[in-house]
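Inside the fold
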Amino acid sequence: MKRPLSLLLSFSLLFLLVLTNCKSRPAAPTGLVTEKAMVVSAREEASKIGAEIMKKGGNAFDAMVATEMALVVAYPFAGNLGGGGFMVYRKSDGDVGGLDYREKAPLAAHKDMYLDSLGNVIPEMSTKGATAVGVPGTVAGIMAVHEKFGSLPLEEIFEPIIELAENGIVVTENQANRFAAVKDRILEVNDSVTTFPIDCKVNDTVRYPALARTMRKIAKEGHDGFYKGEIAKTLASFIQEKGGFITEEDLAKYEAVWRQPIIFNYKDLKIISMSPPSSGGVTINQILKMIEPYDIGDFDHNSEKSIQLFTEAARRAYADRNYYLGDPDFTEIPLDVLLGKAYLENRMADFSFEKATKSSDISEGSVQMAESMETTHYSIVDAQGNAVSVTTTLNGAYGSKLYSDELGFFLNNEMDDFSAKAGVPNMFGLIGAEANSIAPEKRMLSSMTPTIVEKEGELWMVVGTPGGSTIITAVAQTILNGYEYNMSMQEAVNAPRFHHQWLPDVVIFEPEGFSNDLIESLKSKGYLINEERTPIIGKVDAIRVLADGRLEGGADKRGDDTAVGF
């Protein structure tokens with residue numbers, strides 16, 4: 001029986017309407033959902049302390065101070081007093097901003113400080129021990145945040161953290177494995193003697209009395225309690241005794257800097273991310289704007305075409321990152337050109353779904369890849385709707401491996417994030433240029449990408465991750481998972497990830513997340529796949545604001561990450 005044409009058209013329209021509604025209907029939450037406030041971080045202890053501070057009446061900024069300091073105790077792998085980081089915030093009234101508390105090169109630093117007499121990079125000098133340490137910024141960062149936005153007294157915020165250091169934390173399986181993996185290197189750097197509990201086993205309780213004493217002094221004396229006086233004198237002497245460059249003057253001169261974030265639109269999203277010396281905001285801006293005209297959501301999630309499109313945009317964005325970006329206080333960065341529509345359209349002009357672009361066609365170079373997870377991120381939303389996105393790091397695992405027994409914390413190895421020599425890769429395989437060369441008091445380029453996303457003018461997502469050079473791609477993919485593929489926050493965080501960073505010219509896939517058929521098909525188009533080592537990519541900690549105002553946490557199952565709220 002023939003159906004009338006009008007009836008067929010009606011069925012077709014109804015089918016399209018159902019499809020459209022399915023795609024536009026917000027994904028049901030699968031992560032922890034809370035009514036008012038939430039912290040998602042790398043350790044349950046830190047998330048709990050941050051949430052409790054807000055429950056006591058503190059705001060997201062008080063919780064930022066608490067969470068950051070709790071991670072020093074509970075997650076010394078990356079939580080730190082001896083490192084630095086970046087914060088992006090969005091207040092409940094829509095006001096946004098960014099804070100740069102990235103480490104700086106000491107006054108004694110110079111362009112060729114890691115080169116030998118023949119001009120070659122001296123192995124490990126910028127990665128291990130006192131010579132690798134940059135001037136730490138973390139304490140200056142939390143103090144700047146508390147001074148500008150804090151509502152609770154500093155000593156009240158520090159009280160549960162000092163208690164945590166004194167009473168101890170229970171070692172997780174992941175933590176025990178990390179202790180074992182770096183034990184020999186920590187002993188080597190610290191002359192075979194350290195009070196850091198590297199011999200701990202799963203379920204052991206470890207206490208940090210020296211760290212508790214340091215925390216108590218910071219709580220009482222604030223910024224100057226760390227950067228001047230007794231702690232500064234002890235820290236500078238310790239670093240210099242071990243052959244490093246940092247002086248009391250370096251510490252006394254350090255200040256965190258408030259910076260305007262990188263803000264851009266992707267379709268009906270407004271993305272607020274960190275500006276240089278973080279490369280995150282600029283690079284994620286380029287990636288998302290390069291793929292925007294292609295409607296990546298029309299391709300299946302992690303399909304061949306979606307992977308190709310994202311990879312080719314990332315390839316071009318990372319090439320720009322490595323050449324143009326550095327500390328804006330020292331380097332002229334042509335942001336108006338790099339982020340311009342015509343420039344980005346031209347960058348993708350030679351893209352084709354038929355075959356891979358070779359990175360050598362964009363710029364020459366050949367390096368070996370090194371992956372890293374040695375950073376940590378946390379996301380916070382309070383009951384008033386203030387949002388904070390923070391990524392902080394020591395750079396490598398336990399930083400330089402140099403541990404102050406007297407003060408109770410590790411020192412960073414951030415000097416490796418400079419270009420020790422133009423064209424020579426750092427520990428993450430990232431090539432640098434003159435823009436990121438070493439100079440006294442200069443901040444080194446970073447991949448950290450703390451990000452906040454608005455949807456239709458309202459707070460929608462707070463997101464970020466550790467992961468060295470993979471941070472930027474992991475954050476971008478998480479945003480796309482939630483927006484283009486309508487995943488819940490937890491699903492968006494859980495989804496398998498992939499990475500490309502221009503050089504080396506290989507695509508990296510997380511293990512077990514991608515089929516052999518897909519990988520073989522990409523190979524047939526000329527893509528080079530890293531099949532020897534497939535690490536996890538990032539540990540994303542994120543929060544999504546649901547349509548009814550409740551919060552859904554996405555705590556990455558790749559680590560011990562935990563969402564806590566009320």
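Residues numbered from 1 in each chain as written. Predicted model: local features only at pLDDT ≥ 70, side-chain atom pairs only at ≥ 80, totals over all residues. Heavy atoms only, no water.

With respect to the sheet that holds strand β15 (residues 458-463)
Taken in spatial order, the seven strands line up as β1-β19-β18-β15-β14-β9-β8 in an open sheet, and their pairing is antiparallel. Whereas interior strands pair on both sides, the edge strands pair on one side only; in this sheet they are β1 (33-34) and β8 (262-266). Both strand β14 (residues 451-455) and β15 contribute to a ladder of five bridges, which runs antiparallel. Looking at β15, one finds that T451 is bridged to V463. (Pairing = 2+ DSSP bridges. Helix = DSSP H or I, 4+ residues; strand = E, 2+ residues; numbered from the N terminus.)

Some words on unusual backbone geometry
Cis geometry marks the peptide bond from P276 to P277, where omega comes out at 20°. Mapped onto the secondary structure, P277 falls in the loop between β9 (269-273) and α11 (280-291). Look at the link from L503 to P504: it is a cis peptide, with omega at 0°. Within the fold, P504 resides in the loop between β16 (498-499) and β17 (508-509). Unlike most non-glycine residues, W502 shows phi in positive territory, near 75°. Mapped onto the secondary structure, W502 falls in the loop between β16 and β17. Note on W502: relative accessible area 5%, which makes it buried. Backbone geometry at E512 places phi at a positive 70°, although glycine is not the residue there. By the element assignment, E512 lies in the loop between β17 and α18 (516-524). (Buried < 20%, exposed > 50% of the residue type's maximum accessible area, 1.4 Å probe, protein only.)

Some points on the pairing of strand β4 (residues 96-101)
Counting buried positions along β4 gives six out of six residues, so the element sits mostly inside the fold. As judged from the six bridges shared by strand β3 (residues 84-90) and β4, these two strands associate in the antiparallel manner. Across the sheet, Y89 pairs through a bridge with G97, a residue of β4. Between the end of β3 and the start of β4, which pair antiparallel, lie five residues, with G94 showing a positive phi angle near 95°. Sheet analysis places β4 next to strand β7 (residues 257-259), joined by three bridges and oriented antiparallel. Residue pairing in the sheet places G98 in a bridge with R259 of β7.

Everything listed here is a matter of geometry and, on its own, says nothing about what the molecule does.
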